[in-house]
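Descriptive analysis of the structure
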Amino acid sequence: MTEAILLVGGKGTRLRPLTVHTPKPMVPAAGVPFLTHQLARARAAGVEHIVLATSYLAEVFEPYFGDGSALGLHLEYVTEEEPLGTGGAIRNVASRLHSGPDDPVLIFNGDILTGLDIRALVDAHETTGADVSLHLTKVTDPRAYGLVPTDDTGRVLAFLEKPQTPEEIVTDQINAGAYVFRRSVIDTIPLGRPVSVERETFPDLLTAGAHLQGMVDSTYWLDLGTPAAFVRGSADLVLGRAPSPAVPGRCGDRLVLPTATVAADAKLSGGTVVGEGAFVAEGARVFGSTILPGAVIEPGAVITDSLIGTRARVGERSVLTGTVIGDGAIIGPDNELRDGARIWCDAQIPAGAVRFSSDQ
């Protein structure tokens, strides 16, 4: 297996305002665009050629990654004119593949952080002679995911989309967003129209008698679809809980990029990242958070499990917990923002305007 397709066309609406100016795979995690971690892990597994299926803000990818040679890869970019879904996006880039009809092609979603053993998935695919092999993982509450029951040999029996009743939850195995396709199977996907692999391609293949194999790998897995999950994923990369050869520094309690400035008595912990050109002032405390390039954290601010956008500013003594601050936004001094708050790009909040406690 030397080829892969990476699906990076989604709008990332659940991550807004992070994705107003930046496509989701390009939002920095542990100091580099999240996509960098996926590309580096694919390269480590032996992949040499990757086709990126782009759509939303497609013009951002190639200027950053170029032809991929800096990562030891050959990268190509194909942009969808209209959104085509997961299956349609795969089919749309098939002409760029060089593999033979029976060769394995790795396909993975651009918003999953995982410790998947990619080589093991490919080996299982080849050993079982499957048409498609899927990475499956086990979750405590599977209602938000597609369930994939298998028999005792790992052969897929069905695809059950987002069950809600206890009777519908027949397994805790879910589709984890990484696949190995036999190259010829990709050509059976309809061309030029939206297709969902989860709702159309996989069920149709089962109906036609194709062999779909599931491999359960319950190492680290996280869907980065929400701001809280994205912040958690970045922190886990820094802490070394999630594996990646692309973290720009040693794993530890914090990651401070080379041109960032952090006051001597500021406290950074919990996998916090301080991006290029960012500034963290004296007395500030930052836990498990991501400070993007050029952001400013003023004296005495306390930031927990939050993401501070590019060139944003958090005023003195402001307390942020579980919040997202958009690019260029300004949070005045003495504000309190709690879990779930999203401040849009370039918004300005005056001093002491938002509080959950008294002003004493």
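Residues numbered from 1 in each chain as written. Predicted model: local features only at pLDDT ≥ 70, side-chain atom pairs only at ≥ 80, totals over all residues. Heavy atoms only, no water.

1. Focus: the layout of surface pockets
Leftover empty space is mapped by rolling, across the atoms, a probe with the size of a water molecule. Taken as a whole, the largest pocket spans an internal volume of roughly 1,200 Å³. Taken together, 40 residues line the largest pocket, and the ones lying closest to its centre are K24, T86, N109, D111 and E198. Among the elements of the structure, α3 (85-92), β11 (173-182), α6 (197-207) and β13 (221-223) are those that each provide at least two residues to the lining of the largest pocket. Residue classes in the lining of the largest pocket are distributed as 15 nonpolar, 15 polar and 10 charged. (1 Å grid on protein atoms, 1.4 Å probe; cavity = no way out; pocket = protein on both sides within 12 Å on 5 of 7 lines; lining within 4 Å. Points joined across faces, edges and corners; volume = space filled by probe spheres on them. Helix = DSSP H or I, 4+ residues; strand = E, 2+ residues; numbered from the N terminus. Nonpolar A, V, L, I, M, F, W, Y, C, P; charged D, E, K, R; others polar.)

2. Side note on the environment of G154
Checked against the element boundaries, G154 lands in the loop between β9 (146-147) and β10 (160-161). Judged by relative accessible area, G154 falls into the buried class, the value being 12%. For the pair G154 and G214, spaced 60 residues apart in sequence, the C-alpha to C-alpha distance is 5.2 Å. Residues within four places of G154 in sequence aside, it is in contact with L212, Q213 and G214. (Buried < 20%, exposed > 50% of the residue type's maximum accessible area, 1.4 Å probe, protein only. Contact = heavy atoms within 4.5 Å.)

3. What about the pattern of salt bridges?
For the structure shown, the criterion picks out 15 salt bridges. Residue D236 is joined to R232 by a salt bridge in which the shortest nitrogen-to-oxygen separation is 3.2 Å. Here D236 and its partner R232 are both found in helix α7 (residues 227-239), 4 residues apart, which amounts to about one turn of the helix. Overall, the relative accessible area of 5% leaves D236 in the buried class. Between R241 and D236 there is a salt bridge whose closest N-O contact spans 3.3 Å. Residue classification places R241 among the exposed positions, given a relative accessible area of 52%. Where salt bridges share partners, they join D102, D131 and R182 into one cluster. (Salt bridge = Lys/Arg side-chain N within 4 Å of Asp/Glu carboxyl O.)

4. Section: the sheet that holds strand β23 (residues 307-308)
Taken together, the 6 strands give an open sheet; going across it, the order is β14-β17-β20-β23-β26-β29, and neighbouring strands pair in parallel fashion. The sheet is open, and its two borders are formed by β14 (254-256) and β29 (342-343), each paired with just one other strand. As paired strands, β23 and strand β26 (residues 324-325) are joined by 2 bridges and run parallel to one another. Of the residues in β26, the one forming a bridge with L307 is V324. On top of the sheet, α7 reaches β14, β17 (272-274), β20 (290-291), β23, β26 and β29; it is set at about 90 degrees to β17, its chief contact. (Pairing = 2+ DSSP bridges. Axes fitted to C-alpha atoms, helices over the stretch in contact; angles between N-to-C directions.)

5. Notes on the UniProt feature "domain: Nucleotidyl transferase" (unreviewed entry) in the chain
In the numbering used here, UniProt assigns the feature "domain: Nucleotidyl transferase" (unreviewed entry) to residues 4-236. Each end of residues 4-236 is marked by a C-alpha atom, and these two atoms are 25 Å apart; helix forms 26% of the span and strand 25%. (UniProt positions renumbered as here; feature names shortened; annotations may be inferred.)

6. With respect to empty space enclosed by the protein
What the rule picks out here adds up to 1 cavity of 30 Å³ or more. Empty space within the largest cavity amounts to approximately 170 Å³. Considering the residues around the largest cavity, the lining is formed by 17 residues, among which Q38, R41, F108, I112 and T114 are closest to the centre. Those elements giving two or more residues to the lining of the largest cavity turn out to be α1 (34-44), β6 (104-109), β7 (112-114) and β11. Broken down by element, the residue count for the lining of the largest cavity peaks at 5 residues, all from α1. Residues that form the lining of the largest cavity fall into these classes: 10 nonpolar, 6 polar and 1 charged.

7. Some remarks on the pairing of β11
Across the 10 residues that make up β11, a large majority, 10, are buried. As paired elements, β6 and β11 share 5 bridges and run antiparallel to each other. Bridge pairing links F108 to A178 in β11. Across 6 bridges, the pairing between strand β8 (residues 132-138) and β11 is antiparallel. When the bridges of β11 are listed, T137 appears paired with I174.

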